[in-house]
Amino acid sequence: MNVNQNINKLLFAIRYKGIDIKIDTIQFYSDKLEKYCNKYVVYIKELTTNRKGEKVLKYVYQDDFFSKVQLLKYLAEKYKQIGSEADGK
């Protein structure tokens, strides 16, 4: 099972449902582990108010993960939430 492929499929499905989602990958060096690690940060575009009180579309921080498997589980749960909201449940 290819985790990257499943993440990309879920991202496509979520975007197809009309939710603009973005994932940033941040690499950093861990002195404790003595290796480079990845951090995955999830943002969703939402309608928010800026300092002037105007409504603007902007990416809003949702969560961050240190494992692709955790990210995959989050995206699967997000997709289920979107499906249940569309069904009216």
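Everything numeric in this text was worked out from a predicted model, so none of it was measured. (Residues numbered from 1 in each chain as written. Predicted model: local features only at pLDDT ≥ 70, side-chain atom pairs only at ≥ 80, totals over all residues. Heavy atoms only, no water.)

### Here's the deal with the overall build of the chain
Operational definition: In this description a helix means any DSSP run of H or I spanning at least four residues, a strand means any run of E spanning at least two, and both kinds are numbered starting from the N terminus. With the radius of gyration taken over C-alpha atoms, the globule rule is written as 2.2 Å times the number of residues to the power 0.38. Whether a residue is buried, partly exposed or exposed follows from its accessible area with a 1.4 Å probe, protein chains only, as a fraction of its type maximum: under 20%, in between, or over 50%, in that order. It only takes one pair of heavy atoms within 4.5 Å for two residues to be counted as in contact. We get accessible surface area from the Shrake-Rupley algorithm with a probe of 1.4 Å; when it comes to residues, only the shown protein chains can shield them. Just so you know, the count uses Lys and Arg for positive and Asp and Glu for negative, and it drops His and the chain ends. Here the site of a charge means atom NZ of a Lys, CZ of an Arg, CG of an Asp or CD of a Glu.
Across its full length, the chain holds 2 helices and 3 strands. Secondary structure of the chain in N-to-C order comes out as α-β-β-β-α. Taken against the 2.2 N^0.38 rule, which gives 12 Å for 89 residues, the C-alpha radius of gyration of the chain at 16 Å runs more than 25% over that of a compact globule. Once the C-alpha set of the chain is aligned to its principal axes, its extents read approximately 45 × 40 × 20 Å. Taken across its 89 residues, the chain has 24% of its residues classed as buried. For the chain, restricting intrachain contacts to residue pairs at least 6 apart in sequence, the fraction spanning at least 24 positions comes to 38%. Counting every atom, the chain has about 6,800 Å² of accessible surface; 49% of that belongs to carbon and sulfur. Here the chain carries 17 positive and 11 negative side-chain charges, and the mean point of each set is 3 Å from the other.

### Digging into the sheet that holds strand β3 (residues 55–65)
Counted only if it meets this: Pairs of strands are assigned from DSSP output, requiring at least two bridges between the strands. Axis definition: a line fitted to C-alpha atoms, limited for helices to the stretch in contact. Angles are taken between N-to-C directions and run from 0 to 180 degrees.
Taken in spatial order, the 3 strands make up an open sheet running β1-β2-β3, and their pairing is antiparallel. Only two strands of the sheet have a single neighbouring strand rather than two, namely β1 (21–30) and β3. For this sheet, the mean angle separating the axes of adjacent strands, direction not counted, is 30 degrees. Looking at chain direction, strand β2 (residues 35–49) and β3 are connected through 10 bridges and run antiparallel. From the neighbouring strand, leucine 47 faces β3, where its bridge partner is leucine 57.

### Some remarks on the environment of arginine 51
Position of arginine 51 among the secondary structure elements: in the loop between β2 and β3. On the basis of relative accessibility, which here comes to 87%, the residue arginine 51 falls in the exposed class. With 10 residues separating them along the chain, arginine 51 and valine 41 place their C-alpha atoms 24 Å apart.

### Quick word on unusual backbone geometry
You will see that glutamate 34, though not glycine, has its phi angle at about 55 degrees, which is positive. With respect to the helices and strands, the residue glutamate 34 is situated in the loop between β1 and β2. Looking at glutamate 34, the relative accessible area reads 62%, which means it is exposed.

### Some details on the nonpolar core
Selection rule: Only buried Ala, Val, Leu, Ile, Met, Phe, Trp, Tyr and Cys residues count toward a nonpolar core, and they belong to the same one when joined by side-chain atoms within 4.5 Å.
Ranked by size, the top nonpolar core spans 14 residues in total, and within it Ile7, Ile21, Val42, Leu71, Tyr74 and Leu75 carry the most contacts. Broken down by secondary-structure element, the contributors of at least two residues to this core are α1 (3–16), β2 and α2 (68–87). Ranked by residue count, the leading element in this core is α2, at 5 residues. Leaving out residues up to four positions away in the same chain, isoleucine 21 has contacts with Leu11, Ile14, Arg15, Val42, Tyr43, Ile44 and Leu75.

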